[in-house]
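# A closer look at the structure
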Amino acid sequence: MKIVLLGTSSAVPTLTRGLSSTALVREGDVFLFDCGEGTQLQLMRSGVKRSRIHSIFIGHLHGDHLYGIAGLLSTLHLDGREAPLNVFGPEGLRVFLNAAFRTADLQFTFNLNVREFPRGYRGRVLDEEEFYVEALPLDHSIFCLGWRFQEKDKPGVFNLDKARELGIPRGPLYGKLQHGEKIMLPDGRTITPDMVLGMPREGKSVVYCLDTQFSERSIQLADKCTALVHETTFGPDAIELARDRKHSTMADAARVAKEAGAANLIATHFSSRYDGRQIAQIGDEAREVFEKITVGRDLLEIEI
Ligand SMILES: [Zn+2]
Ligand SMILES: [Zn+2]
């Protein structure tokens, strides 16, 4: 999997930073988290294929996370897209989309599945064979959902030598064992999957927490995740401002990562008051709380 930061500015864009959007690319499929203005241009610059967008997750309805979706969906329509597209977000999202598309009298070429969640919603929003996505409310000035993209654990690697040693005939019995079923051999012996499979391979997880102030719920959502993408709007010079506006400082995000036992923190959503050098410095200070911080910038790709 890789994470591609498309826009890393908060509230307003700067000359070097676009508005919030993050792509998660997994086996060719693209999962887009937030869609600020300019996202479609950043997708083109990044090489992330818009035709491969599987689902779009809008955490909350502040414009810097939302206003790019109308343009992006219009472009997908002009592309002649046929595959259905999921859009998940808080209640109110449909009103916004309807206003945009009724005004333009747009009938999409594809099925747009918009799913809205009421205030306080928590639960699994997407469940597929290899992964699922969960939502949990964060703590922001308006209702805001954080997301956890979780790969399901994969069975361990099949040990062919072991299987031969045990005299298991090649063929469908191998497949059954691989799928976690026990089998009976013609001679009456029972073979259980653990006899031929290695240790299960743990699925990776990406947690997305934008926008929020420091919250126990972020810690809960990010529990032992592979990568936590967390907003870090402010530095230590603006702690009051962060509390006031229900945003996080980089140190807040570092604390969430540490207490959640996350493997990595990816910092994004920076106030326009800071330039790149200042953000790097804020990152260095926050590493005293949690070491593995990647300070984001537009179009940065992170393999996880
Ligand atoms: Zn924001
Ligand atoms: Zn916001």
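Computed from a predicted model, the values in this text were never measured in an experiment.

### Some points on the packing of helix H3 (residues 69-78) against helix H4 (residues 93-103)
- One can describe the packing of H3 onto H4 by two numbers: an axis separation of 10 Å at closest approach and a directional angle of 55°. Our classification of the angle between H3 and H4 gives oblique. In terms of crossing hand, the pair formed by H3 and H4 is right-handed. Listed contacts from H4 to Ile 69, Ala 70, Leu 73 and Ser 74 of H3 are Phe 96, Leu 97, Ala 100 and Phe 101.
- A per-class count over the contact of H3 with H4 returns seven nonpolar, one polar and no charged.

### Some remarks on the environment of Ile 69
- Counting through the fold element by element, Ile 69 comes out in helix H3.
- Along the sequence, Ile 69 and Ile 239 sit 170 residues apart, while their C-alpha atoms lie 31 Å from each other.
- Here Ile 69 is in contact with Cys 35, Ile 56, Ile 58, Val 87, Phe 96 and Leu 97, once residues within four sequence places are set aside.

### Brief notes about helix H9 (residues 250-260)
- Those residues of H9 that fall on the buried side of the exposure criterion are Met 250, Asp 252, Ala 253, Ala 254, Val 256, Ala 257 and Ala 260.
- Looking at the buried side of H9, the elements it contacts are helix H7 (216-221), strand E13 (227-231), helix H8 (239-244), strand E14 (265-268), helix H10 (276-286) and strand E15 (293-295).
- Count one or two residues on from H9 and you reach Gly 261, which has phi positive near 70°.

### So, the coordination of the zinc ion (ligand 1)
- All of the protein donors around the zinc ion (ligand 1) are Asp 64 (OD), His 65 (NE2), Asp 211 (OD) and His 269 (NE2); their distances to the metal are 2.1 to 2.3 Å.
- For the zinc ion (ligand 1), the four donor atoms are set out with angles of 89 to 161° between them, so the coordination reads as irregular.
- If you list the donors of the zinc ion (ligand 1) from N- to C-terminus, the spacing comes out as D-H-x145-D-x57-H.
- The metal-metal distance between the zinc ion (ligand 1) and the zinc ion (ligand 2) is 3.6 Å, with Asp 211 serving as a donor to both.

### Some details on the sheet that holds strand E4 (residues 53-57)
- Pairing is mixed across the open sheet formed by seven strands, whose spatial order is E6-E5-E4-E3-E2-E1-E16. With one partner strand each, in any of the chains shown, strand E6 (112-117) and strand E16 (301-303) form the two edges of the open sheet. Neighbour-to-neighbour, the strand axes of the sheet open up by a mean angle of 15°, direction not taken into account.
- Strand direction decides the pairing type here: strand E2 (residues 21-26) and strand E3 (residues 29-33), joined by five bridges, are antiparallel. Its bridge partner being in E3, Thr 22 is matched across the sheet by Phe 33.
- This element, H3, spans E3, E4, strand E5 (85-90) and E6 of the sheet and lies at about 160° to E4.
- Together, E5 and E6 form the strand contacts of H4, whose direction differs from that of E6 by roughly 145°.

### A word on the sheet that holds strand E7 (residues 123-127)
- Reading across the sheet, the seven strands line up as E7-E8-E9-E12-E13-E14-E15 and stay open at both edges, with mixed pairing between neighbours. At either end of the open sheet lies a strand with only one pairing partner, and these are E7 and E15. Averaged over all adjacent pairs, the angle separating strand axes in this sheet is 20°, with direction ignored.
- Examined bridge by bridge, E13 and E14 share four bridges and lie parallel to one another. If you follow Glu 231 over to E14, its bridge partner there is Thr 268.
- Helix-sheet contacts for H9 involve E13, E14 and E15, and the interaxial angle to E13 is about 150°.

Parameters at a glance
- Residues numbered from 1 in each chain as written.
- Chains lettered and ligands numbered in written order.
- Predicted model: local features only at pLDDT ≥ 70, side-chain atom pairs only at ≥ 80, totals over all residues.
- Heavy atoms only, no water.
- Axes fitted to C-alpha atoms, helices over the stretch in contact; angles between N-to-C directions.
- Helix = DSSP H or I, 4+ residues; strand = E, 2+ residues; numbered from the N terminus.
- Parallel < 35°, antiparallel > 145°, perpendicular 65-115°, else oblique.
- Left-handed = near helix turned anticlockwise from the far one by under 90°.
- Contact = heavy atoms within 4.5 Å.
- Nonpolar A, V, L, I, M, F, W, Y, C, P; charged D, E, K, R; others polar.
- Buried < 20%, exposed > 50% of the residue type's maximum accessible area, 1.4 Å probe, protein only.
- Donors = N, O, S within 2.8 Å, 3.2 Å for Na, K, Ca; no water.
- Tetrahedral: all angles 85-135°; square planar, octahedral: opposite > 155°, others 65-115°.
- Pairing = 2+ DSSP bridges.

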